[in-house]
Amino acid sequence: METLTKDNRVFLPEVVRLVREGHRVKIVAKGYSMRPFVEDGRDMLVFDAPGAFAVGDVVLAEYAEGSYVCHRIVRMEGEVVTLRGDGNVRGVEIVRRTDVLAKVVQIERKGKLYDLASSRCWRWYSTVWCSLLPIRRYLLAVYRHLWLKVERWSLRR
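Residues numbered from 1 in each chain as written. Predicted model: local features only at pLDDT ≥ 70, side-chain atom pairs only at ≥ 80, totals over all residues. Heavy atoms only, no water.

Draft legend 1. A look at unusual backbone geometry. A positive phi angle is found at Lys110, which is not glycine, with a value near 50°. Positionally, Lys110 belongs in the loop between strand E7 (100-109) and strand E8 (112-115). Accessibility expressed as a relative area gives 70% for Lys110, which makes it exposed. (Helix = DSSP H or I, 4+ residues; strand = E, 2+ residues; numbered from the N terminus. Buried < 20%, exposed > 50% of the residue type's maximum accessible area, 1.4 Å probe, protein only.)

Following this line, the structure appears as structure tokens:
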């Protein structure tokens, strides 16, 4: 299969356009800010229209003109939505409700599709993970260390 790579400033507006036209759009995850739940290059994210969204949902939002982020909603107060990547310990993005352009409704990992609306396991993991913010830095360090060991082992096989 051929892989096409495009700059996010070109690619993500096209994803938003397709979602607005009523399509579900599946893309390969890029970046490490959503670790440990979404892994760069391994997982696929399926986007749909945001419709109703709530704390705990993973959304695609435009946080500055032409700059997009796919992070979890950690707080909502009126029209203000606060986002944070699962792999981030400090940084957040503050956007308006109207800046939320798409919602991740499914994640495909190693050929298995997880529906985020109906998967109790994913909801439980994300709820627990968000509550662990004070010690997240240490948990992420252990995760990265173990991930590198697994990657090195896989390459040797």
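Draft legend 2. Examining the nonpolar core more closely. Ranked by internal contacts, the top residues of the largest apolar core, which has 24 residues, are Val15, Leu45, Phe47, Leu60 and Val104. Among the secondary structure elements, those contributing two or more residues to this core are helix H1 (8-20), strand E1 (25-28), strand E2 (44-48), strand E3 (58-64), strand E4 (67-77), E7 and helix H2 (120-131). Filtering out sequence-adjacent residues up to four positions away, Leu45 remains in contact with Val25, Lys26, Ile27, Ala29, Val38, Cys70, Val104, Gln106 and Ile107. With nine residues, the next largest nonpolar core counts Ala61, Ile73, Val81 and Val95 among its residues. (Core = buried A, V, L, I, M, F, W, Y, C linked by side-chain atoms within 4.5 Å. Contact = heavy atoms within 4.5 Å.)

Draft legend 3. A look at the packing of aromatic side chains. Within the structure shown, the criterion is met by two aromatic pairs. Between Phe37 and Tyr125, the aromatic rings sit 6.3 Å apart at their centres with planes inclined by 40°, giving tilted as the arrangement. On the criterion of sequence distance, the pair formed by Phe37 in the loop between E1 and E2 and Tyr125 in helix H2 is long-range, its members being 88 residues apart. Owing to a relative accessible area of 9%, Phe37 belongs among the buried residues under this scheme. In this structure Tyr125 comes out as partly exposed when scored by relative accessible area, which is 40%. Taking the ring centre of Phe37 as reference, the NZ or CZ of Arg72 above it sits at 5.6 Å. (Phe/Tyr/Trp six-rings, centres within 6.5 Å; stacked < 30°, edge-to-face > 60°. Lys NZ or Arg CZ within 6 Å of the ring centre and 35° of its normal.)

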